[in-house]
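Coordinate inspection notes
Residues per chain are reported as follows:
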Amino acid sequence: MKDIMDYLKKNLGLEEEEGKEDQETIIVPDHSFYEIVLMKVHNLDEFDYALAQVLEEKNPIIMDISILEKNSLDDFKLAGEKLKAFRDNNGGEAILLCKNGRNIIIVTPAEIKLIRK
């Protein structure tokens, strides 16, 4: 009778594997930690550098772009266009964090999703 039960378990996939209880599942994240970079942007070159770092290093950046706005309104508008292109082409995200006299934004790579509440 035991042989019949073992045969049925084996054919139906109900056979227990030996040592299954001792196995552990270890999940290792692709990116173990994120460094959030804080930066004041003074010109368009620094803004471009910051976006490149988001793409290359996959770390979010919090940027204060109010100095850029004060120095050159044209560069500030161009930075906005570059930020829109970054979001559209790379799937990254950008959110305005503060607008009380300062323009502070957070820019993240596509791997990090920002939740708006």
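The structure this text deals with has already been given above.
Below is a short write-up of the structure. (Residues numbered from 1 in each chain as written. Predicted model: local features only at pLDDT ≥ 70, side-chain atom pairs only at ≥ 80, totals over all residues. Heavy atoms only, no water.)

**Examining the layout of surface pockets**
Rules: A pocket, in this scheme, is an open set of points on a 1 Å grid over the protein atoms alone with protein on both sides within 12 Å along at least 5 of 7 lines, while a cavity is a set where a 1.4 Å probe fits but cannot get out; residues line either one if an atom lies within 4 Å of a point. Grid points are joined across faces, edges and corners, and a volume is the space filled by probe spheres set on the points. Comment: elements are numbered from the N terminus, with helices defined as DSSP H or I runs of at least four residues and strands as E runs of at least two. Three classes are used, and their members are as follows: Ala, Val, Leu, Ile, Met, Phe, Trp, Tyr, Cys and Pro are nonpolar, Asp, Glu, Lys and Arg are charged, and the others, Gly among them, are polar.
For the largest pocket, the calculated volume is near 190 Å³. Listed by contribution, the elements that provide at least two residues to the lining of the largest pocket are helix H4 (73–90) and strand E3 (93–98). A per-element tally of the lining of the largest pocket places H4 first, with five residues. Of the residues belonging to the lining of the largest pocket, the class tally is nine nonpolar, two polar and one charged.

**Topic: the sheet that holds strand E4 (residues 104–108)**
Selection criterion: Paired strands, as defined in this entry, are two strands with at least two bridges between them according to DSSP. Interaxial angle, 0 to 180 degrees, is taken between N-to-C directions of lines fitted to C-alpha atoms, where a helix line uses only the stretch in contact. In this analysis, two residues are considered to be in contact whenever any of their non-hydrogen atoms come within 4.5 Å of each other.
As summarised here, the arrangement of the four strands in space is E1-E2-E4-E3, forming an open sheet in which the pairing is mixed. Only two strands of the sheet have a single neighbouring strand rather than two, namely strand E1 (37–40) and E3. Averaged over neighbouring strand pairs, the angle between their axes works out to 20 degrees when direction is ignored. For E1 and strand E2 (residues 61–64), the ladder comprises four bridges, and the chain directions are parallel. Bridge pairing in E2 places Lys40 opposite Asp64. Strand contacts of helix H2 (residues 44–57): E1, E2 and E4, with the helix running at about 170 degrees to E2, the strand carrying the most contacts.

None of the figures reported here should be taken as evidence of function without further support.
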